[in-house]
Amino acid sequence: MVQKYQSPVRVYKHPFELIMAAYVRRFPKCPLIPVFADSEMIYENQSEGGSVLVTERRCTIDIDAPRLLKRIAGVDYLYFIQKNTLNRRERTLHIEVHNETFSNRVIVRECCSYTVHPDNEDWTCFEQTASLDIKSFFGFESTAEKIAMKQYASNIQKGKEIIEYYLRELEEEGVTYIPRWTPPVVSGTAGDNSLLPFSTARPIPVNGAKDLACSTELVAGSPDDKLDADYIRRYLGDLTPLQESCLIRLRQWLQETHKGKIPKDQHVLRFLRARDFNLDKAREFLCQCLTWRKQHQVDFLLGTWEWPQLLHDYYTGGWHHHDRDGRPLYILRLGQMDTKGLVRALGEEVLLRQVLFINEEGLRHCEENTRVFGRPISCWTCLVDLEGLNMRHLWRPGIKALLRIIEVVKANYPETLGRLLILRAPRVFPVLWTLVSPLIDENTRKKFLVYAGNDYQGPGGLVDYINEEIIPDFLGGDCACDIPEGGMVPKPLYRTAEELESEENRLLTESIYKIASIFKGAPYEMLIDITEASSVITWDFDVCKGDVMFNIFHSKRAPQPVKKDALGAHGITSLGAVSAQLIDRSWVLGQDYSMVEKALTCREGESVQGSHITRWPGFYILQWRFHSSPVCTTSSLPRVDDMLASLQVSSHKCKVMYYTEVLASHDFRGSMTSLESCHSGFSQLSGVTTSSRQSHTSSISR
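Quick caveat, the model's predicted, so the values are computed rather than measured.

**Brief notes about unusual backbone geometry**
- With an omega of 5°, the peptide bond running from Phe27 to Pro28 counts as cis.
- Its place among the elements puts Pro28 in the loop between α1 (16-23) and β3 (36-46).
- A positive phi angle is found at Arg91, which is not glycine, with a value near 60°.
- Position of Arg91 relative to the elements: it lies in the loop between β5 (78-87) and β6 (92-99).
- The backbone of Phe102 sits at a positive phi, close to 55°, despite the residue not being glycine.
- Judged by relative accessible area, Phe102 falls into the buried class, the value being 16%.

This is the structure we're talking about:
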């Protein structure tokens with residue numbers, strides 16, 4: 001498996017020329033990097049005029065590996081070739097590194113670049129990428145990979161300090177400024193030093209130069225919306241180099257597949273942490289959550305959810321200041337809440353939406369506290385008071401609702417619980433814990449603190465986690481808490497089982513998005529009856545599983561009789577979640593029907609939005625068709641990987657989640673470039689939402 005690394009952008013508040021003067025001091029050897037034993041120049045070439053200098057070095061690396069492994073490999077040192085291309089005119093340095101030792105067994109590639117910051121020409125940006133592919137290594141491939149990744153991560157950490165070390169060294173020598181390179185003047189002019197190699201140019205101190213004592217810090221403002229190292233520390237916390245790389249690579253993947261519609265970095269990081277920074281697992285986990293949020297319109301919950309009056313009166317939970325770490329504090333007086341009464345009066349779905357609303361509020365509070373406290377706040381603390389808990393709380397339908405809520409929160413809000421304080425746990429608590437604990441993973445259990453009776457009072461109790469002045473009055477503190485005291489829900493407010501079932505079915509089917517399954521040879525097709533030319537068909541769909549081809553066809557006659565439904569106002573026929581085919585097999589393309597949009601290949605995980613202006617009235621068919629990747633054609637026989645992939649995909653159906661809408665011609669005003677589905681986007685999770693550049697079509701059918 002190829003291991004990859006992508007660094008964040010590091011921005012130094014120093015001019016490019018000064019950074020280069022510090023950089024060249026690393027050679028021929030650098031005492032700050034013990035594994036960098038030595039280097040020798042093997043090639044040097046300078047362009048006419050001196051603007052470009054190309055150098056190649058053979059670097060000797062003393063890898064820290066077990067002596068037995070070195071003896072088996074038959075080497076004491078590893079050799080790498082480093083090629084540097086310095087462009088003084090453009091003020092850039094590009095570095096390319098590859099391994100010379102074991103090049104037939106191991107492939108190591110590294111690319112680094114120093115460039116001028118696009119917004120401040122007196123600052124310098126640094127980026128770094130690398131890859132490691134161990135094809136064979138005497139049967140020790142896994143061991144060699146672990147050693148290499150450990151060494152590389154360690155050197156990355158040291159690399160951050162090296163430039164700053166040599167900058168301080170330059171400052172001690174009185175060098176705080178180096179003039180920029182200028183093209184050479186006419187030959188023979190006195191004082192022309194432009195042809196001198198850069199490494200031999202003497203820095204010229206200038207009075208009044210910037211104070212370097214405090215300017216070695218890294219600053220935000222990286223180009224092209226790339227993650228900056230200082231931004232990561234400020235808003236996301238301290239991450240190891242490999243963790244930073246996982247975050248950047250997952251973010252890049254989301255940008256490529258979702259065309260800019262990506263969650264905020266804090267949320268991406270939560271999913272990585274939940275999967276121990278396993279990139280593939282975190283990517284799958286995150287995509288499932290984004291699909292769920294879109295299908296159930298969770299992004300709009302904060303603005304649309306209206307609490308039923310019963311929740312205002314009898315739901316005993318609410319936000320209350322913050323804990324000692326700055327985390328938002330949520331208090332739930334579970335022992336005082338009539339869970340059976342709330343389930344009987346409101347139903348399971350209403351309570352689930354209430355919990356989702358609370359979690360969405362928690363995400364917003366974390367962002368606010370991050371700004372207030374000046375450090376990353378990514379989770380909250382929950383205080384659960386169990387005084388009053390009894391067997392009534394163990395009512396079977398209530399436990400069923402609780403277990404489902406736990407499952408939904410666990411699947412869509414990972415790493416949001418920082419600490420759970422359980423106070424005044426009664427004797428019945430172990431019974432409840434036995435029921436819910438199987439759904440709670442080991443890492444989450446470590447965040448639980450349980451206090452029985454009055455054990456939470458005094459040192460080692462609540463005051464260790466919450467400031468004394470904000471401890472609620474019902475727990476013996478002096479802070480007034482406006483959380484309702486609850487009470488028994490009156491039985492006349494209970495609803496019948498039929499009413500609750502009807503309400504739950506309505507909530508479950510409220511989503512404007514529909515799920516469609518596509519099988520090989522059985523496309524999913526949707527019919528839209530257009531009665532007025534120049535109407536606009538819009539679509540918004542996510543490819544949840546497999547790869548699909550998306551087409552739009554037009555026919556003057558109805559493919560087959562269809563049953564109208566509630567969407568008939570725009571002539572849209574709903575075909576449910578099963579595969580439905582409308583185009584008759586006897587129809588001929590170009591005679592019975594025509595293609596009005598170029599076929600679009602959509603990969604698994606992509607989010608696609610687009611629109612089409614209809615030229616004629618008639619029947620338009622939106623089609624999603626199974627798409628399989630082409631088999632390798634360089635050989636007469638297919639590769640084993642291709643065959644296995646084909647078998648794996650063909651054994652599963654493809655799935656899309658879609659929404660379509662028709663805008664009448666008299667309702668549409670404006671340019672097509674601004675037209676997109678008003679229901680798409682991740683408004684709460686996403687910092688920036690844009691439409692798909694690849695699929696945002698606005699062509700006129702011909």
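**Points about the sheet that holds strand β23 (residues 654-663)**
- Overall, antiparallel pairing links the four strands, which are arranged β15-β23-β17-β21 in an open sheet. Edge positions in the sheet fall to β15 (514-518) and β21 (607-613), since each of these pairs with one other strand and no more. In this sheet, neighbouring strand axes are inclined to one another by 30° on average, regardless of whether the strands run parallel or antiparallel.
- Alignment of strand β17 (residues 536-545) against β23, held across nine bridges, turns out to be antiparallel.

**Digging into the pairing of β23**
- Burial runs high along β23: eight of the 10 residues are buried.
- As paired strands, β15 and β23 are joined by five bridges and run antiparallel to one another. Looking at the pairing, Ser517 lines up with Lys655 of β23.

**Concerning the sheet that holds strand β12 (residues 380-385)**
- If you trace the five strands from one edge of the open sheet to the other, you get β10-β11-β12-β13-β14, paired in mixed fashion. With one partner strand each, in any of the chains shown, β10 (317-322) and β14 (448-450) form the two edges of the open sheet. Strand after strand, the sheet turns through a mean of 20° between neighbouring axes, direction not considered.
- Pairing of strand β11 (residues 328-332) with β12 involves four bridges; the strand directions are parallel. Within the sheet, the bridge partner assigned to Leu332 lies in β12 and is Val384.
- Strand contacts of helix α11 (residues 348-373): β10, β11 and β12, with the helix running at about 10° to β10, the strand carrying the most contacts.

**Some remarks on the packing of helix α3 (residues 141-172) against helix α5 (residues 241-258)**
- At their nearest, the axes of α3 and α5 sit 9 Å apart, and the two run at 95° to each other. The angle between α3 and α5 falls in the class roughly perpendicular. Residue-level inspection shows Met149, Ala153, Ile156, Gln157 and Lys160 of α3 in contact with α5, the latter providing Pro241, Leu242 and Glu244.
- Of the residues belonging to the contact of α3 with α5, the class tally is five nonpolar, one polar and two charged.

**A few points about the confidence of the model for the protein**
- Across the protein, the average pLDDT comes to 79, with 81% of residues at or above 70.
- When pLDDT is averaged over each element of the protein, β6 comes out on top at 96 and strand β24 (residues 686-688) at the bottom at 39.
- Low confidence marks residues 188-224, where pLDDT is under 50. Its contacts with residues over four positions away, or in another chain, come to 68 contacts.
- Ignoring residues within four places in sequence, the model shows residues 631-651, a span with pLDDT below 50, making seven contacts including any to other chains.

**As for the pattern of salt bridges**
- In this structure the tally under the stated criterion is 24 salt bridges.
- A salt bridge links Asp133 to Lys135; the shortest N-O distance between them is 3.2 Å.
- What makes Lys135 exposed here is its relative accessible area of 53%.
- In this structure, the salt-bridge partner of Arg424 is Glu387, at a minimum N-O distance of 3.2 Å. Taken as a pair, Arg424 in the loop between β13 (417-423) and α13 (429-436) and Glu387 in the loop between β12 and α12 (396-412) lie far apart in primary sequence, 37 residues in all.
- For Arg424, a relative accessible area of 13% corresponds to the buried category.
- Salt bridges sharing partners connect three or more residues here, namely Glu348, Glu349, Lys400 and Arg404.

**Description of a negative patch on the surface**
- On the surface, Glu468, Glu469, Asp473, Asp478 and Glu485 cluster together to form a negatively charged patch.
- Given the relative accessible area of 62%, Glu485 is considered exposed.

**Comments concerning the side chain of Glu597**
- Summarising the element assignment, Glu597 is placed in the loop between β19 (594-595) and β20 (600-602).
- Note on Glu597: relative accessible area 10%, which makes it buried.
- Side-chain polar atoms of Glu597 contact the side chain of His612, separated by 2.7 Å.

**Regarding the environment of His98**
- Among the structural elements, His98 can be located in strand β6.
- The residues touching His98, leaving out its near neighbours within four places in the chain, are Phe80, Ile81, Val108 and Arg109.

**Section: helix α7 (residues 279-295)**
- Here α7 spans 24 Å end to end across 17 residues, near enough to the 24 Å set by a 1.5 Å rise per residue.
- Residues of α7 that are buried include every one of Leu279, Ala282, Phe285, Leu286, Cys287, Cys289, Leu290, Thr291, Trp292, Arg293 and Lys294, and no others.
- The residue sitting at the N-terminus of α7 and contributing the capping side-chain oxygen is Asn278; that oxygen lies 3.3 Å from the backbone nitrogen of Asp280.
- Gln297, located one to two residues past α7, shows a positive phi value of around 55°.

**Here we look at the packing of helix α4 (residues 229-236) against helix α6 (residues 265-274)**
- As a packed pair, α4 and α6 sit with axes 11 Å apart at the nearest point and diverge in direction by 75°. By the angle between their directions, the pair α4 and α6 is classed as roughly perpendicular. Here Tyr231, Tyr235 and Leu236 of α4 lie close against α6, whose contacting residues are Asp265, Gln266, Leu269 and Arg273.
- When the residues that make up the contact of α4 with α6 are grouped by side-chain class, the tally is four nonpolar, one polar and two charged.

**As for the packing of aromatic side chains**
- Scanning the model with the defined rule gives 27 aromatic pairs in all.
- Seen in terms of ring centroids, Tyr165 and Tyr166 are 5.1 Å apart; in terms of plane orientation they differ by 75°. Their pairing is edge-to-face.
- Of the residues examined, Tyr165 reaches a relative accessible area of 35% and is grouped as partly exposed.
- Geometrically, the ring pair formed by Trp319 and Tyr330 is edge-to-face, given 4.9 Å between the ring centres and 75° between the ring planes. Of this pair, Trp319 sits in strand β10 while Tyr330 sits in strand β11, and the two are 11 residues apart along the sequence.
- Through pairs of rings, three or more aromatic residues link up here, namely Tyr524, Trp539, Phe541, Phe550, Trp624 and Tyr658.
- Lying over the aromatic face of Phe285, Arg275 brings its terminal NZ or CZ to 4.0 Å of the ring centre.
- Arg283 extends its terminal NZ or CZ atom over the ring of Trp253, reaching a point 5.1 Å from the ring centre.

**Topic: the nonpolar core**
- Counting residues in each nonpolar core, the largest one holds 48 residues, and the members touching the most others are Tyr315, Leu342 and Leu386.
- Counting only elements with at least two residues in this core, the list comes to α9 (309-314), β11, α10 (339-346), α11, β12, α12, β13 and α13.
- The element contributing the most residues to this core is α11, with nine residues.
- The residues touching Leu386, leaving out its near neighbours within four places in the chain, are Leu334, Gly335, Ile422, Leu423, Arg424, Ala425, Pro426 and Phe429.
- Within the second largest apolar cluster, 44 residues are counted, among which are Met20, Leu78, Leu86 and Leu132.

So, how was this worked out
- Residues numbered from 1 in each chain as written.
- Predicted model: local features only at pLDDT ≥ 70, side-chain atom pairs only at ≥ 80, totals over all residues.
- Heavy atoms only, no water.
- Helix = DSSP H or I, 4+ residues; strand = E, 2+ residues; numbered from the N terminus.
- Buried < 20%, exposed > 50% of the residue type's maximum accessible area, 1.4 Å probe, protein only.
- Pairing = 2+ DSSP bridges.
- Axes fitted to C-alpha atoms, helices over the stretch in contact; angles between N-to-C directions.
- Contact = heavy atoms within 4.5 Å.
- Parallel < 35°, antiparallel > 145°, perpendicular 65-115°, else oblique.
- Nonpolar A, V, L, I, M, F, W, Y, C, P; charged D, E, K, R; others polar.
- pLDDT = per-residue confidence, 0-100.
- Salt bridge = Lys/Arg side-chain N within 4 Å of Asp/Glu carboxyl O.
- Patch = residues over 30% accessible without salt bridge, like charges linked within 9 Å, V, L, I, M, F, W, Y side chains within 5 Å.
- Areas by Shrake-Rupley, 256 points an atom, 1.4 Å probe, with all protein chains shown as cover.
- Lys, Arg positive; Asp, Glu negative; His and termini not counted.
- Charge placed at Lys NZ, Arg CZ, Asp CG, Glu CD.
- Polar contact = N/O pair within 3.5 Å; in protein donor to acceptor, adjacent residues only side chain to side chain.
- Expected span 1.5 Å × (residues − 1).
- Phe/Tyr/Trp six-rings, centres within 6.5 Å; stacked < 30°, edge-to-face > 60°.
- Lys NZ or Arg CZ within 6 Å of the ring centre and 35° of its normal.
- Core = buried A, V, L, I, M, F, W, Y, C linked by side-chain atoms within 4.5 Å.

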